[in-house]
Amino acid sequence: MKRYSFGTTFWLTIMAATGLFHRNVSLAAETNALAAPPRWLTQPMSMADAVSHALQHNSAILEGSSDLEAAHGLVVQTRAIALPKLRGTSGYTHNEAVEEFPFSGSETITPLRDEWAGNIRVVQSIYEGGRIRSALRSARLIRDQAVLEYQTVIADTLLDVRRAYYDVLLAQQQIVVQQASVKLLTEEMQNTTRRFETGMVPRFDVLRAEVEVANARPKLIRAENAHRTAKNTLATLLGYNIPATVAEDIPIILTDKLEAEPYKLDLPAAISQAMERRSELGALRKTAALRKEGIASAKAAYRPVVGIFGGYGARNSRFRNDFFSDLAGPMAGVELNWDIYDGSLTRGKVIQAKALYEKAGVNLDDAMRRVQFEVRTAYSGFNEASEVLESQKKVQEQAEEALRLAIARYDAGTGTQLDVLNAQTSLTEARTTQIQALHDYMVARARVQRAIGQDVPQPLAK
């Protein structure tokens, strides 16, 4: 059993405590680093900044980028049929089951027990019944299809980012509206209380004012929670992993505002643009073209396959009992393979390819109808949002004036408290409706732009 003196024990304790302190400091630093939001999240962020960051960090876009890279690998595989192949083969055989036999006179032939051979050759297919040209066309189609599918992912994600951005702006304005409402009602309650103390109004008016203030506070609380939720949604779409230590608010500062910029839209032109620009339709057109190439590739099996090769080979001599005695030299030739009858395998592949081609055409027609429906729905929603916004231009001013007159009449003794409370409620509703109309207008415009295929960044070509 080991024994330590008092001094040794003291220093061991100090060393252990020091190590634990450093570990705690290190863990605390790591925790603070995880809890601290990234710098870009605390900087003023415009819509353009949010879109740019989403293009680099959004998980759906990153996954789409990986799919695009995988499609590039598929393109390389598809084009390989047209390129020459460099093949090397080698082998070694040791055989104990050999039989010696006389050749002439006293000579005896002993077969080799060890044999080796190797060659390297370049093989080029020059005719495969149309499969080579079809493969080259398919490679281009696969590449274009992958780019279009990636554009679809980008378009869907950016629409989500824009909606989330507008939702944060709406939540911010809702907090302002509810705060103003609580402030107005609190002032009215205080004013009513003073009147009650001077004997000008009954106790009932004070109670009613207090109830109105109490009813307004939950709306403010819900608005604040909606603001936090909207910021969480936006941060998630921007690829920010919210630490578990962040229990309250995310310090996102948005610089854009809810503003109704003029946007003209003609339905026939919008439908025409959607048919031309929508990446989903482009991808389905590429799919149909690929299915058509699949028919050509399947029919190619009816024809022979012709290739040429050239190379260099070496093997050990079979007539010399010397393992290292070799014969080497160049070689060249032509290969022809033709499955004259394959048990209807090719016929079955052709039938399958034709059915898939017809299915691709049906899917394309259905997608075109759905896109047209989407454009019409977005167009209708945009018109509704525009009309609602137009109808709310003067409402807030009128509600503010109505409240001023109600307060003036109440102070003069010609109005009632109920008139003031109704006017305050109408003003809050007018403000809420206006900011909601602005939000709906901007979201509707973003949906229209998505429906007709506008404002989609192009990925880098490979």
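What you see is a predicted model; the values in this text were computed from it and never measured.

Student: An account of the packing of aromatic side chains is requested, with residue identities and associated values reported.
Tutor: Aromatic rings considered in pairs are described by the distance between their centres and by the relative angle of their planes. Summed over the entire model, instances satisfying the criterion amount to 2 aromatic pairs. With centroids separated by 5.7 Å and ring planes inclined at 85 degrees, the aromatic side chains of Tyr263 and Phe382 adopt a geometry described as edge-to-face. Residue Tyr263 is located in the loop between β6 (253-254) and α7 (267-277), and its partner Phe382 is located in helix α9 (residues 345-391); the two are separated by 119 residues in the primary sequence. Each member of the pair, Tyr263 as well as Phe382, is classed as buried. Taken together, Tyr263, Phe382 and Tyr441 form an aromatic cluster joined through their ring pairs. The side chain of Arg121 reaches across the aromatic face of Phe309, ending 4.2 Å from its centre.

Student: Help me get a handle on the pattern of salt bridges, residues and values and all.
Tutor: Tallying each qualifying case throughout the model produces 13 salt bridges. When the shortest N-O distance is used, the salt bridge between Asp144 and Arg143 registers 3.4 Å. On the accessibility criterion, Asp144 (26% relative accessible area) is partly exposed. Here Arg278 ties to Glu280 by a salt bridge, and the two come within 3.0 Å at their closest N and O atoms. Like Arg278, the residue Glu280 is buried in the burial classification. Residues joined in a network through salt bridges with shared partners are Asp156, Arg278, Glu280, Glu374 and Arg450.

Student: Can you break down the nonpolar core residue by residue, with the values?
Tutor: With 55 residues, the main nonpolar core has Tyr165, Leu234, Leu254 and Val375 as its most contacted residues. Every element with two or more residues in this core is listed here: α3 (47-57), α4 (59-79), α5 (131-197), α6 (203-237), α7, α9 and α11 (417-451). It is α5 that contributes the most residues to this core, 12 residues altogether.

Student: Break down a nonpolar patch on the surface for me, citing the residues and quoting the values.
Tutor: Taken together, the side chains of Leu86, Ile120, Val122 and Tyr312 present a nonpolar region at the surface, about 400 Å² in accessible area. Along the chain, Val122 turns up in strand β5 (residues 114-127). Residue class for Val122 comes out partly exposed when judged on its relative accessible area of 41%.

Student: Which residues make up the packing of α4 against α5, and what are the values?
Tutor: Interhelical geometry of α4 versus α5 gives an angle of 180 degrees and a closest axis separation of 9 Å. In terms of their interaxial angle, α4 and α5 are classed as roughly antiparallel. Contacts from Ala60, Ile61, Gly64, Ser65, Leu68, Ala71, Leu74, Val75, Thr78 and Arg79 in α4 reach Ala135, Leu136, Ser138, Ala139, Ile142, Arg143, Ala146, Val147, Tyr150, Val153, Ile154 and Thr157 in α5. Split by residue class, the contact of α4 with α5 holds 15 nonpolar, 5 polar and 2 charged.

Student: Which residues make up the sheet that holds strand β7 (residues 305-316), and what values go with them?
Tutor: Sheet architecture is open: 4 strands sit in the order β2-β5-β7-β8, paired in antiparallel fashion. Either end of the sheet is taken by a strand with one partner, and the two such strands are β2 (85-94) and β8 (326-337). Within the sheet, the average angular offset between the axes of one strand and its neighbour, ignoring direction, is 20 degrees. Bridge count for β5 against β7 is 10 bridges, and the pairing is antiparallel. The residue of β7 that forms the bridge with Ala117 is Arg315.

Student: For α3, give the residues involved together with the corresponding values.
Tutor: Residues of α3 that are buried: Met47, Ala50, Val51, His53 and Ala54. Viewed along the axis of α3, the buried residues span an arc of 165 degrees, placing them on a single side of the element. Opposite the packed face of α3, turned more than 90 degrees from it, sit the exposed residues Ala48 and Gln56.

Cut-offs and rules
Residues numbered from 1 in each chain as written. Predicted model: local features only at pLDDT ≥ 70, side-chain atom pairs only at ≥ 80, totals over all residues. Heavy atoms only, no water. Phe/Tyr/Trp six-rings, centres within 6.5 Å; stacked < 30°, edge-to-face > 60°. Helix = DSSP H or I, 4+ residues; strand = E, 2+ residues; numbered from the N terminus. Buried < 20%, exposed > 50% of the residue type's maximum accessible area, 1.4 Å probe, protein only. Lys NZ or Arg CZ within 6 Å of the ring centre and 35° of its normal. Salt bridge = Lys/Arg side-chain N within 4 Å of Asp/Glu carboxyl O. Core = buried A, V, L, I, M, F, W, Y, C linked by side-chain atoms within 4.5 Å. Patch = residues over 30% accessible without salt bridge, like charges linked within 9 Å, V, L, I, M, F, W, Y side chains within 5 Å. Areas by Shrake-Rupley, 256 points an atom, 1.4 Å probe, with all protein chains shown as cover. Axes fitted to C-alpha atoms, helices over the stretch in contact; angles between N-to-C directions. Parallel < 35°, antiparallel > 145°, perpendicular 65-115°, else oblique. Contact = heavy atoms within 4.5 Å. Nonpolar A, V, L, I, M, F, W, Y, C, P; charged D, E, K, R; others polar. Pairing = 2+ DSSP bridges. Arc of directions from axis to C-beta.

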